[in-house]
Amino acid sequence: MKPSKPLDIKICGLKTEEAVDKAVSLGATHIGFIFFPKSPRNIEPSDAGRLADRVRGRVKIVAVTVNADNDELDEIVDQLSPDILQLHGSETPERVLNVKAVYGLPVMKAFSVRDADDLKKIEPYIGIADRFLFDAKPPAGSELPGGNGVSFDWTLMHLLDDGVDYMLSGGLNKDNLAEAIRLTGAPGIDASSGVESAPGVKDLGLIEAFFEAARKAERETAVAGRGK
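Bear in mind the structure is a predicted one, so any value in this text is a computation, not a measurement.

Novice: For the overall build of the chain, give the residues involved together with the corresponding values.
Specialist: When its secondary structure is counted, the chain shows 7 helices and 10 strands. Per-residue burial over the chain gives 51% buried out of 228 residues. Per element, the accessible surface of the chain, about 10300 Å² overall, is 50% carbon and sulfur.

Novice: If you had to explain the environment of Ala-213 to someone new, which residues and values would you point to?
Specialist: Position of Ala-213 among the secondary structure elements: in helix H7 (residues 204-226). The exposure class assigned to Ala-213 is buried, which follows from its relative accessible area of 15%. Here the alpha-carbon distance between Ala-213 and Asp-175, two residues 38 residues apart in the chain, equals 7.7 Å. Residue contacts for Ala-213: discarding those within four places in its chain leaves Lys-174 and Leu-177.

Novice: A description of the pairing of strand S1 (residues 8-12) should follow, citing residues and the corresponding values.
Specialist: Counting buried positions along S1 gives 5 out of 5 residues, so the element sits mostly inside the fold. Covered by surrounding structure in S1 are Asp-8, Lys-10 and Cys-12 together with Ile-9 and Ile-11, the residues of both alternating faces. Looking at chain direction, S1 and strand S8 (residues 188-191) are connected through 4 bridges and run parallel. Each bridged residue has a counterpart across the sheet, and for Asp-8 the counterpart in S8 is Gly-188. As judged from the 3 bridges shared by S1 and strand S2 (residues 30-35), these two strands associate in the parallel manner. Along S2, the bridge assignment pairs Lys-10 with His-30.

Novice: Give me the lowdown on the packing of helix H2 (residues 45-53) against helix H3 (residues 70-80), citing residues and values where you can.
Specialist: Think of two packed helices as two axes; the pair is described by the angle between the axes and how far apart they sit. Here H2 crosses H3 at 30°, and the two axes come no closer than 8 Å. On the basis of their axis angle, the class for H2 and H3 is roughly parallel. Two packed elements cross with a definite hand, and for H2 against H3 that hand is right-handed. On H3, the residues touching Pro-45, Ser-46, Ala-48, Gly-49 and Ala-52 of H2 are Glu-75, Ile-76, Gln-79 and Leu-80. Along the lines of polarity and charge, the residues of the contact of H2 with H3 split into 5 nonpolar, 3 polar and 1 charged.

Novice: Go over H2 with me, naming the residues and quoting the values.
Specialist: Those residues of H2 that sit buried are Pro-45, Ala-48, Gly-49, Leu-51 and Ala-52. All buried residues of H2 fall inside an arc of 165° around its axis, so they share one side. Looking at the packing, one finds that the buried side of H2 touches helix H1 (17-25), S2, strand S3 (60-65) and H3.

Novice: Give me unusual backbone geometry: which residues, what numbers.
Specialist: Backbone geometry places Asn-67, a non-glycine residue, at a positive phi of 55°. Relative to the helices and strands, Asn-67 is located in the loop between S3 and H3. The backbone of Ser-81 sits at a positive phi, close to 50°, despite the residue not being glycine. Position of Ser-81 among the secondary structure elements: in the loop between H3 and strand S4 (84-87). For Ser-81, a relative accessible area of 39% translates into the label partly exposed.

Novice: Explain the pattern of salt bridges residue by residue, including any values.
Specialist: Taken as a whole and judged by the stated rule, the model has 17 salt bridges. Between Glu-196 and Arg-41 there is a salt bridge, with its nearest N and O atoms 2.8 Å apart. Residue Glu-196 is found in strand S9 (residues 196-198), and its partner Arg-41 is found in the loop between S2 and H2; the two are separated by 155 residues along the sequence. According to the relative accessible area criterion, Arg-41 is buried, its value standing at 3%. Asp-130 serves as the salt-bridge partner of Lys-100, at 3.3 Å between the closest nitrogen and oxygen. With a gap of 30 residues between them, Lys-100 in helix H4 (residues 93-103) and Asp-130 in the loop between helix H5 (116-120) and strand S6 (131-136) connect regions that are remote in the sequence. On the accessibility criterion, Lys-100 (23% relative accessible area) is partly exposed.

Novice: Which residues make up a negative patch on the surface, and what values go with them?
Specialist: Negative charge collects at one region of the surface, where Glu-44, Asp-47, Asp-69, Asp-71, Glu-72, Asp-74, Glu-75 and Asp-78 lie side by side. Residue placement: Asp-74 occurs in helix H3. Note on Asp-74: relative accessible area 39%, which makes it partly exposed.

Conventions adopted
- Starting afresh in each chain, residues are numbered from 1 along the sequence in its written order.
- Per-residue local features are limited, in this predicted model, to residues with pLDDT of at least 70; the limit for side-chain atom pairs, both in listing and counting, is 80 or more; totals at the level of whole chains, interfaces and linings are taken over all residues.
- As a rule here, side-chain values come from all non-hydrogen atoms in the structure, and water together with hydrogens is ignored.
- Put simply, DSSP marks the helices as runs of H or I at least four residues long and the strands as runs of E at least two long, and each gets a number from the N terminus on.
- Burial classification: accessible surface area is computed with a 1.4 Å probe over protein chains only, and a residue below 20% of its type maximum counts as buried, one above 50% as exposed, and the rest as partly exposed.
- For the area figures, the Shrake-Rupley method with a 1.4 Å probe applies, and any residue is considered shielded solely by the protein chains shown.
- In this description, contact between two residues means that some pair of their heavy atoms is separated by no more than 4.5 Å.
- For two strands to be treated as a pair, DSSP must find at least two bridges joining them.
- Every axis corresponds to a line fitted to the C-alpha atoms, with the helix fit spanning only the stretch in contact, and the corresponding angles, defined between N-to-C directions, vary from 0 to 180 degrees.
- Oblique is the label for every angle not falling under 35 degrees (roughly parallel), over 145 degrees (roughly antiparallel), or within 65 to 115 degrees (roughly perpendicular).
- Left-handed describes a crossing whose near helix is turned anticlockwise from the far helix by less than a right angle; the clockwise case is right-handed.
- Residues are sorted three ways: Asp, Glu, Lys and Arg are charged, Ala, Val, Leu, Ile, Met, Phe, Trp, Tyr, Cys and Pro are nonpolar, and all the rest, Gly among them, are polar.
- This arc is built from the directions going out from the helix axis to the C-beta atoms.
- Salt bridge, as applied in this entry: a Lys or Arg side-chain nitrogen positioned within 4 Å of an Asp or Glu carboxyl oxygen.
- Patches were defined on residues exceeding 30% relative accessible area and lacking a salt bridge, with like-charge contacts within 9 Å and nonpolar side-chain contacts (Val, Leu, Ile, Met, Phe, Trp, Tyr) within 5 Å.
- Counted as positive: Lys and Arg. Counted as negative: Asp and Glu, with His and the chain ends omitted from the count.
- Here the site of a charge means atom NZ of a Lys, CZ of an Arg, CG of an Asp or CD of a Glu.

Have a look at this one:
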């Protein structure tokens, strides 16, 4: 389960020009904007569109929603023109199909993981969702489906079929990223709280350190692969 292509890196929950510019300049392949009022990373669609326009065409723009209805998605798609819709709620396979049909955009479906049974829940979505995102289950009392800064047992990723394309999320930061990549061979990684100085406040230094850790892990993975 080693990546056969460069690692996809998504920085999520962006709200400022400085953070967007920093992430893209360092080589982010995806940037995410969160549309969920309970999140400290929530952003208005018009503001997200303005930020995305700074880097459009250089990076994949992801709209992150939680059980959004079509009225909400209409505004987000109109204002942001995202490349990908990330559905981070309890959307059914039928809902994913509907969203894809209405908006003509690829869908990344997020799942919260604690144990092996949680991974089985993706089965009805295989062939429907274009990609998956695996996050840790939120801690007790949290109203946020993601961005809680907690991780899960990364060795569970070995239970996936090799053909499952996904991004690994959940508490990733500069200190644990190498271990996460080594254990999973994830084709993509997603960071939000791990590059923040406070909830919803991106830290440019932490973003830079995260990318340094990612590049180092990629080099180590490539060396390990050649040694086999």
